[in-house]
Amino acid sequence: MEYDNFLHYSNRLLMANVLGDVYVDLSKLKSPNSRFVFTRDLLLKHKMLDQTLDIGMEYDLPNVSTNLRQQGNELFKAKQYEKAAHTYTKCLMGTDPNTECYALALANRSAAYFHLGLYKLSLKDARWAMEFNYPSRLAYKLYERAGNAERMLGLVERAMQSYAVCLTRLDEVDMSEEKKSKFREAIEKAATECKEVFTEHKKTMKVPRADEQLVGGRNENIPALSAFVELRMSKNMGRGVYATRDINPGDVVAIDEPYICGPISDHTDVCYYSGCLKLDFALIPCPKCLLVYYCNKDCMNKANIDGHYLECPIMNFIKSTPGITRMNELAMKWFLKDYLKMGLKKYCLIVDNFSKSKIDPQTRGFDETGQYKSDNFLTAYSLDSSENKISIDVLFFFNCIAVDMLHCLILSGFKIPECYIGSVGASLVRILIILDLNCRKLNINAPTISFQGKHQLTLTIALTLYPTISLFNHSCDPNIKRSGELSDRIRVMKAIQPIPKGSQLCGTYGIIFRGHTKELRQDICNKLFYFKCHCQPCIKNWPICHYIPNRLSTLNILNSNMADIVSSECEKFVEFIKSGKSEDDYENLNYLYSFIKLLFTNVKRPFQLYEDCLEIISTIHTISSIEIYISEININ
């Protein structure tokens, strides 16, 4: 497992010649609370924790900021747009974000970016300025520029909306009626052109799919799962999801929402609020930390209710903490959300009781009424952490990260009585470990952008923790996969192969037999997820894609009576692929489902046409309403 700056803590202790003793002493401690307290005392003793949150950021005097903005204006008038943008940036770096000067500098930089052809950056600054103290009398300019930038980016529907707001703001403008009339005419013309493009685009848009429904309805005890499945225990794989009836390709087996989620990187345009996760090209930052972004003020306010106002003062420190930055942010976000919901005393009581109790592995995460719900704290908190399989150096590392983050939270003014320090710290360690293990498993189930081409590639845009989807075990030959709108925070899981009654439903942790040798797959499963894979491709050592049989013979026909029918249907499928019809979505799914069911029953796997059909089904199941924006942006 690779983490950023993994030796940050251990190197200091190694230099002090105490690291060996630390590992020995830590391994003797049996309770999570005692391990955390031990680590905290150790880091305090060796002066390894920050003494202050002061980062030395001081804002310039207002007249200095104003002078810088005016210098930028002069450069802009001289059409030196790149130098103007740079000067506006210097102004912003030394200006209080809550001032009008800051909003004006943003708007001016937006104009410079537009003239440089940097439309996405121009739109970002325009949206940002709209939200913070930009003079109302000048707002029409921002909405005009936002509409122009959106139009250049291919976001014609949004451009129409911006132009409409621009026209309504004209009433506030001190401008002659003649100039207003000309300006209004130009904006209306631009809006009309956008409407024509949008109308033409709507003719070619894919028809939105109907809301998905769980096959058989909701499971009585696990509402996010189908009624046609149940939890069982197995010797090799522990708890897993099994079919109680035959499940067909296309059947929806799970519809889950994340317990906690957030953008995967600073360069991903995703709303930071856990309940939104909307992808946008012009998010607005938190005005205090300027380190997290939202699609609007409503999401910003909701995020503050969930605890961002508490993490805001320490965001800069969390980002510099060793480990995986976004995982650390998500851990703090999770803790603060539930601390605010429950209160410190109740929170500590719950996590302490959990750590001391002996829980049936099959019913882990179920509440007192026998329900397993993805929005329940203990459901998420009781997810597999494999803590007993983690090496002592990694366990120490996670404890150090938790100490660091909690220490910064306390420095910021967060009050935690000493009697609760061990409980809170130990819970943070567990949360970090749960996220590290389960978010890695579910990366392929996280919201993604789809780049359509001959091959479908996806880019994960968020880290997400789905408690119910986490119940599905891994197979290198998955029979279920995500479906639907890829940028949606709600995950829909569909069967992509026939799943006979009694069979286990399995997704994949990003490892499939067609692309990885057995040795590599086993190595990844062991190192990243702490288990040995017992799926059929691993047990029988199926070949990778280049060596999969592509012809029918007596060796791979399971039912000789069906040989002629299977051969005939395989020929039809080859022609189907050659015709290009496989690239058409939805209409061909029923044909593909029937073909894969025929092969499932009558042909021994692996078989190339089966794998091809499976890949096409998986591709058709996923859609992305944002792909046109991506392609347009790449062109510009």
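Before reading on, note that the structure itself is shown above.
Residues numbered from 1 in each chain as written. Predicted model: local features only at pLDDT ≥ 70, side-chain atom pairs only at ≥ 80, totals over all residues. Heavy atoms only, no water.

1. Topic: the overall build of the chain
- Helix and strand counts for the chain come out as 24 helices and 14 strands.
- For the chain, whose C-alpha radius of gyration is 28 Å, the value lies close to the compact-globule estimate of 26 Å for 636 residues.
- When each of the 636 residues of the chain is scored for burial, the buried share is 51%.
- The contacts in the chain between residues at least 6 apart in sequence include a share of 70% that link residues at least 24 apart.
- Carbon and sulfur atoms make up 51% of the accessible area of the chain, which totals about 30,500 Å².
- Taking the average location of the 77 positive side-chain charges in the chain and that of its 73 negative ones, the two points are 3 Å from each other. (Helix = DSSP H or I, 4+ residues; strand = E, 2+ residues; numbered from the N terminus. Rg over C-alpha atoms; globule rule 2.2 N^0.38 Å. Buried < 20%, exposed > 50% of the residue type's maximum accessible area, 1.4 Å probe, protein only. Contact = heavy atoms within 4.5 Å. Areas by Shrake-Rupley, 256 points an atom, 1.4 Å probe, with all protein chains shown as cover. Lys, Arg positive; Asp, Glu negative; His and termini not counted. Charge placed at Lys NZ, Arg CZ, Asp CG, Glu CD.)

2. Here's the deal with the pattern of salt bridges
- The full count for this structure, using the stated rule, is 22 salt bridges.
- For the salt bridge of Glu 212 with Lys 494, the shortest nitrogen-to-oxygen distance reads 3.0 Å. Placement of the pair is Glu 212 in the loop between α10 (177-204) and β1 (229-234) and Lys 494 in strand β12 (residues 491-495), with a sequence separation of 282 residues.
- Classification of Lys 494 as buried rests on a relative accessible area of 3%. (Salt bridge = Lys/Arg side-chain N within 4 Å of Asp/Glu carboxyl O.)

3. Notes on the nonpolar core
- By size, the foremost hydrophobic cluster in this structure holds 139 residues, and its most contacted members are Tyr 294, Trp 334, Phe 335, Leu 435 and Leu 505.
- Here this core gets 13 residues from one element, more than from any other, and that element is helix α17 (residues 392-411).
- Each residue touching Leu 505, except ones within four places of it in the same chain, is listed here: Val 229, Val 241, Tyr 242, Ala 243, Ile 247, Val 253, Phe 472, Asn 473, Asn 479, Ile 480 and Ile 499.
- Formed by 22 residues, the second largest nonpolar core is a distinct cluster that contains Ile 557, Leu 598, Tyr 610 and Cys 613. (Core = buried A, V, L, I, M, F, W, Y, C linked by side-chain atoms within 4.5 Å.)

4. Overview of the packing of helix α2 (residues 19-28) against helix α3 (residues 32-45)
- Close contact between α2 and α3 brings their axes to 9 Å; oriented N to C, the two are set at 155°. By the angle between their axes, α2 is roughly antiparallel relative to α3. For the pair α2 and α3, the sense of crossing is right-handed. In this structure, α2 uses Val 22, Asp 25 and Leu 26 to contact α3, whose residues at the interface are Arg 35, Phe 38, Thr 39 and Leu 42.
- Of the residues belonging to the contact of α2 with α3, the class tally is 4 nonpolar, 1 polar and 2 charged. (Axes fitted to C-alpha atoms, helices over the stretch in contact; angles between N-to-C directions. Parallel < 35°, antiparallel > 145°, perpendicular 65-115°, else oblique. Left-handed = near helix turned anticlockwise from the far one by under 90°. Nonpolar A, V, L, I, M, F, W, Y, C, P; charged D, E, K, R; others polar.)

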